[in-house]
Each structure stands twice: as C-alpha cells, then as structure tokens.
Amino acid sequence: VKMAISLGLISFLFTRIPLDELRATLRGADLRWIAAAAALLFGSNVVGTWQWNGLLRGAGIRIPFWKVLSYYHVGLFFNNFLPANVGGDLARVLDASRYGASRATAFSTVLMDRLIGTVALAGLALLTTLPAVDQLHLTVVYLALVAFFLVSVGMVWAVFHPAVLPALERLLARVGLGALSPAMEDLAARLHGFRDQRGLFLRLLAVALVVQVSRIFVHVLVARALGLDIAVTYFFLLVPMLAVVVSLPVSLNGIGVREGAGIVLFGLVGVGRAAAFSLQFTTYLVAVAVSLLGGVGFLARQPRRRALARRDRRNP
C-alpha cells in the first residue's frame, strides 16, 4: 500500500511539474556542493551515533565507537527498503545484542534513541515555524505540529510512567495477545534503567537538536548545488515542518510525500514547483548515497560472520 501511495504521488507530481525546468535544474547541479552536503550529512550521522552510543553505555552495553558507527549506517541502509524504518531499527537491535546484552536491552536503547529524536524534531519544528504562522497562514499546520509534539512528549512520559505497563498488559490480554506480557515486562525493566538518568536524557536531547539543525543545513547546501536562491531563514522555517510530515508512516520511506510537501511548503515562499521538487529529491538521493556506506559495511562483514557461524556449529 505504501509503495502504491508513493508511486501514485510521484506520478501525480510529474503531471504538475514543468519537466523541462526539472531536467535543467538537475543537470546544472554543482557536484562540489553535493559532496559538501553529503559530508555534512555524514557528520550529522556521526553525532547521531554518539547519541545512540550514550544510550548504549547508559544501558551497560560497551561497544567500540567505530562499530556503533557502522551499525548506525547499516540501520540507515535498511531503512531505504523496509517500511516505517523498522528494518533499520531491527538491524541495530540485533547488532547491539551481540555484545552480551539481551535483545530487550538493545531494543530499549533504540526505542529511546527514536523518542529523543522525535521530541527534538517536534520541538524544533514548533520553535522555528512559530514566526511564520501568521505570515504564511499556517495556523492549522501549526496546531498539527503542537499535537505531534504533545504525542511525542506523551510517548516519553509513557515510557517512564510505572502505571502504563499494567494498562498495556490488560489491553494485550483483551485482544488475545497476553502471551506478549513477559516480553513487555522485560522491556519495561530495561527502560526503567533510564528513569534515573534524566541528565543523560537532557544531554542527548541537546545532541539530537544538533543533528536536526545539521540536516537543515544539508538542505541549504543542496539548494546551493542546484543554484536555488532561497534565504537560509526559510529553511529553518520549513525543513523541520517538512521532516515531521515525512516521518508520518504513509508512504515508502517518504517518497512522494517528501516531494509533494516540499512543493507546497516552499511554494509558500515563492519557490517554483520544479525547483522545490528538485531540492527534495536531490536531498533524498544524498541521504541514500550516504546510507550506502552501511550497505558496504554490511556486505564486508558477512564472510567473517559466516565463518564464525560455521565454527560455532562445528564446536557447539
């Protein structure tokens, strides 16, 4: 269904975009600025890795940073193909659990990493969009952002609140999934370990904000590569809002939604359809290109892991 939505949206957008302008914009891209955007995105991934590594250490999982960086990019690589970023998160959980920790513990770090990133994104979107609410007539959109922020904060509250687990277990029992209760209790016990580390949570929230701001500047560099004259302030107004829209699980990796929302939002500040589409699509391609580092790392480690598996079968 998500693939059909993405294909439908892209097909619809192509009927609304002057294709000659689109081709001219993409052909004129300056590869030096594209390379700078890719380097900045990789740098933001390094910071994001440091954020996840802080959670791993908080949960007692000690992994060399270069391996955490590799696992982080493997997760990004699998996010390109599997819906709702679940594939990438599962890859990170499996990799982190190889270091003597249970999968519930590893999952708790990935879950907290996601929640911290979501709160940072929602909070940044609220802050940067506020000055343009009246000017760009974004009252309804801003109310939706407020709702998204409250939901993200509510999810963090639910993780830490002791009354949530019993309520969830009762709900699972009513729908015939009571067998999941032991796994939920194990996960809750792992998450409980973060409850007394509020200082860590706040520090990593600040790190997550750095990641989000860096990704705004990735858009700025891609715009420069395409020769688009867009004020930097507009990127701070629109990119966080756009990131919130793309995070909604309605399409395959945001394809179609990203470009359509970009056309609408950047159109509010006078950017043409072809230019806005080119900006979002090229930024997406830069992200895919950087994530291929994870694909290379995944393939490179397979021979060694297969050899270890054969050894373990021979020596049970």
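The following refers to the structure shown.

What counts and what doesn't
Residues numbered from 1 in each chain as written. Predicted model: local features only at pLDDT ≥ 70, side-chain atom pairs only at ≥ 80, totals over all residues. Heavy atoms only, no water. Helix = DSSP H or I, 4+ residues; strand = E, 2+ residues; numbered from the N terminus. Buried < 20%, exposed > 50% of the residue type's maximum accessible area, 1.4 Å probe, protein only. Areas by Shrake-Rupley, 256 points an atom, 1.4 Å probe, with all protein chains shown as cover. Core = buried A, V, L, I, M, F, W, Y, C linked by side-chain atoms within 4.5 Å. Contact = heavy atoms within 4.5 Å. Salt bridge = Lys/Arg side-chain N within 4 Å of Asp/Glu carboxyl O. Patch = residues over 30% accessible without salt bridge, like charges linked within 9 Å, V, L, I, M, F, W, Y side chains within 5 Å. Polar contact = N/O pair within 3.5 Å; in protein donor to acceptor, adjacent residues only side chain to side chain. Axes fitted to C-alpha atoms, helices over the stretch in contact; angles between N-to-C directions. Parallel < 35°, antiparallel > 145°, perpendicular 65-115°, else oblique. Left-handed = near helix turned anticlockwise from the far one by under 90°. Nonpolar A, V, L, I, M, F, W, Y, C, P; charged D, E, K, R; others polar. Phe/Tyr/Trp six-rings, centres within 6.5 Å; stacked < 30°, edge-to-face > 60°.

Attention now goes to the overall build of the protein chain. Across its full length, the protein chain holds 13 helices and 0 strands. In the protein chain, the succession of helices and strands from N to C terminus is α-α-α-α-α-α-α-α-α-α-α-α-α. Scored against the burial criterion, the 316 residues of the protein chain give a buried share of 44%. In the form shown here, the protein chain has an accessible surface area of approximately 16200 Å², with 68% of it arising from carbon and sulfur atoms.

Moving on: the nonpolar core. The biggest cluster of nonpolar side chains holds 49 residues, and the ones touching the most others in it are F235, L238, F266 and L279. Sequence-distant contacts of L279, that is, excluding residues within four places in its chain, are made with H219, V222, A223, L226, L228, I230, F235 and F266. Core analysis: the next-biggest nonpolar cluster, separate from the first, contains 15 residues, L55, V156, L200 and A208 among them.

Moving on to the pattern of salt bridges. Here the structure, examined in full by the defined rule, presents 8 salt bridges. A salt bridge links R32 to D30, with the nearest nitrogen and oxygen atoms 3.0 Å apart. For R98, the salt bridge goes to D95, with nearest N and O atoms at 3.7 Å. According to the relative accessible area criterion, R98 is exposed, its value standing at 52%.

Before going further, it helps to spend a moment on the environment of V153. Relative to the helices and strands, V153 resides in helix α7 (residues 139-160). We classify V153 as partly exposed; its relative accessible area is 35%.

Right, let's get into a nonpolar patch on the surface. A cluster of nonpolar side chains, namely V1, I5 and L9, defines an oily patch on the protein surface of about 280 Å² accessible area. Inspection of the secondary structure assignment puts V1 in the segment before α1 (2-16). Given a relative accessible area of 84%, V1 falls into the exposed group.

Secondary-structure assignment places S278 in helix α13 (residues 273-314). Polar contacts involving the side chain of S278 include one to the main-chain carbonyl oxygen of A274, which spans 2.7 Å. Here S278 is in contact with L22, T25, L26 and L226, once residues within four sequence places are set aside.

Within the secondary structure, S44 sits in helix α3 (residues 31-58). Among the polar contacts listed, one links the side chain of S44 to the backbone oxygen of L41, at a separation of 2.7 Å. Among all residues touching S44, those that are not within four sequence positions of it are V211, S214 and R215.

What follows covers helix α12 (residues 257-267). Across the 11 residues of α12, 9 count as buried, placing the element largely inside the fold. Listing the buried residues of α12 in full gives V257, R258, E259, G260, A261, G262, I263, L265 and F266.

Further remarks concern the packing of helix α6 (residues 103-129) against helix α10 (residues 198-225). Contact geometry for α6 and α10: axes closest at 8 Å, N-to-C directions at 60 degrees. Of the possible angle classes, the one that applies to α6 and α10 is oblique. The handedness of the crossing between α6 and α10 comes out as right-handed. Along the contact surface, α6 presents M112, I116, G117, V119, A120, L121 and L124, while α10 presents F201, L204, L205, A208, L209, Q212, V213 and I216. By residue class, the composition of the contact of α6 with α10 is 13 nonpolar, 2 polar and no charged.

Let us look at the environment of V213. In this fold, V213 is placed in helix α10. Taking relative accessible area as the criterion, V213 reaches 26% and is therefore assigned partly exposed. For the pair V213 and S44, spaced 169 residues apart in sequence, the C-alpha to C-alpha distance is 9.0 Å.

Turning our attention to the environment of G28. Mapping G28 onto the fold places it in the loop between α2 (19-27) and α3. Considered as a pair, G28 and G227 are 199 residues apart in the sequence and their alpha carbons are 7.7 Å apart.

Before going further, it helps to examine the packing of aromatic side chains. Scanning the entire structure with this criterion turns up 6 aromatic pairs. Taken together, a centroid distance of 5.4 Å and an interplanar angle of 80 degrees make the contact between F217 and F236 edge-to-face. Linking F217 in helix α10 with F236 in helix α11 (residues 232-246), this pair joins segments that are 19 residues apart in sequence. With relative accessibility at 35%, the residue F217 sits in the partly exposed group.

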